[in-house]
Amino acid sequence: PAHKLKMAAVFKIARIITRNASLHHSRFQARLLCQAGNDGILKRTALYDFHLSHGGKMVPFAGWSMPVQYEDTNIINSSLHTRQNSSLFDVSHMLQMEFTGRDAEKFLEHLVPADVANLKEGAATLSMFTTSSGGIIDDCIITRAGETSFFVVSNAGRADVDLNHIQNELKTFKGGSGDISITPLINNSLIALQGPKSVSVLQEGVRGDLTQLKFMKSTKMDVFGISQCRVSRCGYTGE
């Protein structure tokens, strides 16, 4: 769903609550990001109340309560606005993970058919988690955040499957003793700014020159007063 929103307000509301929910060593709780609780209650993003206050029609999606449209527009007009201008999308339901440790690079290359080793810091690649026979489990975007750290995003609808697959592979990788820490970033928000005017809209809230941030590149910067936000130019549905 697309909606013309004030950028500063949205970024403040969706501010990262906790950046370090670290899970130590090479173990993590896959249940933290289950599709929905046993009681069937849908999960909510940090922008849930914001959506409601702007007339968002909330529907279930992959265990989350997400807006499908807003009361002052329809889906067609909303889509056209995005194609002609720029719109914000709350995609905080997507699975965000941080892989860190000396063996993080090798483990990711074990999980995906991508050349992770040759990714430069700040560079990203579109890849996929695969089975041992080459079947596709889910697609993902992997960003090298540092020498031994990576930021990985995959789909909400496959979060349980992805986490279970990663956990099972981790148990056998290097006998389960590899130097890897995998942290599901369950308290982080994720917002997609899409449309041909995205750069000019976002440029008002940052100091760096966004024209220098090329496709499939990522960096951290202050965004409308919110410090150390990760800004990536990696959408494959347009700008």
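See the structure printed just above.
In this report, we go over the structure that sits alongside the text.

Each value, and the rule that gives it
Residues numbered from 1 in each chain as written. Predicted model: local features only at pLDDT ≥ 70, side-chain atom pairs only at ≥ 80, totals over all residues. Heavy atoms only, no water. Helix = DSSP H or I, 4+ residues; strand = E, 2+ residues; numbered from the N terminus. Buried < 20%, exposed > 50% of the residue type's maximum accessible area, 1.4 Å probe, protein only. Contact = heavy atoms within 4.5 Å. Areas by Shrake-Rupley, 256 points an atom, 1.4 Å probe, with all protein chains shown as cover. Pairing = 2+ DSSP bridges. Axes fitted to C-alpha atoms, helices over the stretch in contact; angles between N-to-C directions. Phe/Tyr/Trp six-rings, centres within 6.5 Å; stacked < 30°, edge-to-face > 60°. Parallel < 35°, antiparallel > 145°, perpendicular 65-115°, else oblique. Left-handed = near helix turned anticlockwise from the far one by under 90°. Nonpolar A, V, L, I, M, F, W, Y, C, P; charged D, E, K, R; others polar. Arc of directions from axis to C-beta. Salt bridge = Lys/Arg side-chain N within 4 Å of Asp/Glu carboxyl O. Core = buried A, V, L, I, M, F, W, Y, C linked by side-chain atoms within 4.5 Å.

## Quick notes on the overall build of the protein chain
(1) Moving on: Helix and strand counts for the protein chain come out as six helices and 11 strands.
(2) Moving on: Buried residues in the protein chain amount to 45% of all 239 residues.
(3) Moving on: Within the protein chain, contacts between residues separated by at least 24 positions form 61% of all contacts whose residues are at least 6 apart in sequence.
(4) Moving on: When the accessible surface of the protein chain is summed, it comes to about 12800 Å², and 51% of that surface belongs to carbon and sulfur atoms.

## Quick notes on the environment of Thr-183
(1) Moving on: Its place among the elements puts Thr-183 in strand β8 (residues 181–184).
(2) Moving on: What makes Thr-183 buried here is its relative accessible area of 3%.
(3) Moving on: The spatial distance from the C-alpha of Thr-183 to the C-alpha of Phe-99 is 6.6 Å, given a sequence separation of 84 residues.

## A word on the sheet that holds strand β4 (residues 95–100)
(1) Moving on: Pairing is antiparallel across the open sheet formed by five strands, whose spatial order is β5-β6-β7-β4-β8. Either end of the sheet is taken by a strand with one partner, and the two such strands are β5 (124–130) and β8. Strand-to-strand twist in this sheet, taken as the mean axis angle between neighbours without regard to direction, amounts to 30°.
(2) Moving on: Bridge count for β4 against strand β7 (residues 149–154) is six bridges, and the pairing is antiparallel.

## Details of the packing of aromatic side chains
The geometry of an aromatic ring pair is captured by two quantities: the separation of the ring centres and the angle between the planes.
(1) Moving on: One pass over the full model with this rule turns up two aromatic pairs.
(2) Moving on: Among the aromatic residues, those joined into a ring-pair cluster are Phe-99, Phe-107 and Phe-173.

## Regarding the packing of helix α4 (residues 104–111) against helix α5 (residues 159–172)
(1) Moving on: Packing of α4 against α5 leaves a shortest axis separation of 11 Å and a crossing angle of 120°. Relative to α5, α4 is oriented oblique. Between α4 and α5 lies a crossing of right-handed hand. Each of Phe-107, His-110 and Leu-111 in α4 lies in contact with α5, whose residues at this interface are His-165, Ile-166, Glu-169 and Leu-170.
(2) Moving on: The residue inventory of the contact of α4 with α5, partitioned by class, reads four nonpolar, two polar and one charged.

## Remarks on α4
(1) Moving on: Buried within α4 are the following residues: Ala-104, Phe-107, Leu-108 and Leu-111. Take α4 and look down its axis: the buried residues cluster within an arc of 100°, on one side only.
(2) Moving on: Of the surrounding elements, those touching the buried residues of α4 are β4, β5, β6 (136–146), β7, α5 and β8.

## Examining the pattern of salt bridges
(1) Moving on: Applying the stated criterion across every chain yields a total of three salt bridges.
(2) Moving on: For Arg-102, the salt bridge identified is with Asp-179, shortest N-O distance 3.3 Å. With Arg-102 in the loop between β4 and α4 and Asp-179 in the loop between α5 and β8, the pair connects residues that are 77 residues apart, well separated along the chain.
(3) Moving on: What makes Asp-179 partly exposed here is its relative accessible area of 29%.
(4) Moving on: When the shortest N-O distance is used, the salt bridge between Glu-105 and Arg-144 registers 2.7 Å. Of this pair, Glu-105 sits in helix α4 while Arg-144 sits in strand β6, placing them 39 residues apart in sequence.
(5) Moving on: We classify Glu-105 as partly exposed; its relative accessible area is 24%.
(6) Moving on: By relative accessible area, Arg-144 is classed as buried at 7%.

## Structural notes on the nonpolar core
(1) Moving on: Phe-99, Phe-107, Phe-129 and Ile-142 are the most contacted members of the largest nonpolar core, which has 25 residues in total.
(2) Moving on: Those elements that provide at least two residues to this core are β4, α4, β6, β7 and α5.

## A look at unusual backbone geometry
(1) Moving on: If you check the backbone angles, Met-216 has positive phi at about 65° while not being a glycine.
(2) Moving on: Inspection of the secondary structure assignment puts Met-216 in the loop between α6 (198–203) and β10 (217–223).
(3) Moving on: For Met-216, a relative accessible area of 12% gives the class buried.
(4) Moving on: One non-glycine residue, Phe-224, lies in positive phi territory at about 50°.
(5) Moving on: You can see Phe-224 is positioned in the loop between β10 and β11 (226–233).
(6) Moving on: Note on Phe-224: relative accessible area 19%, which makes it buried.

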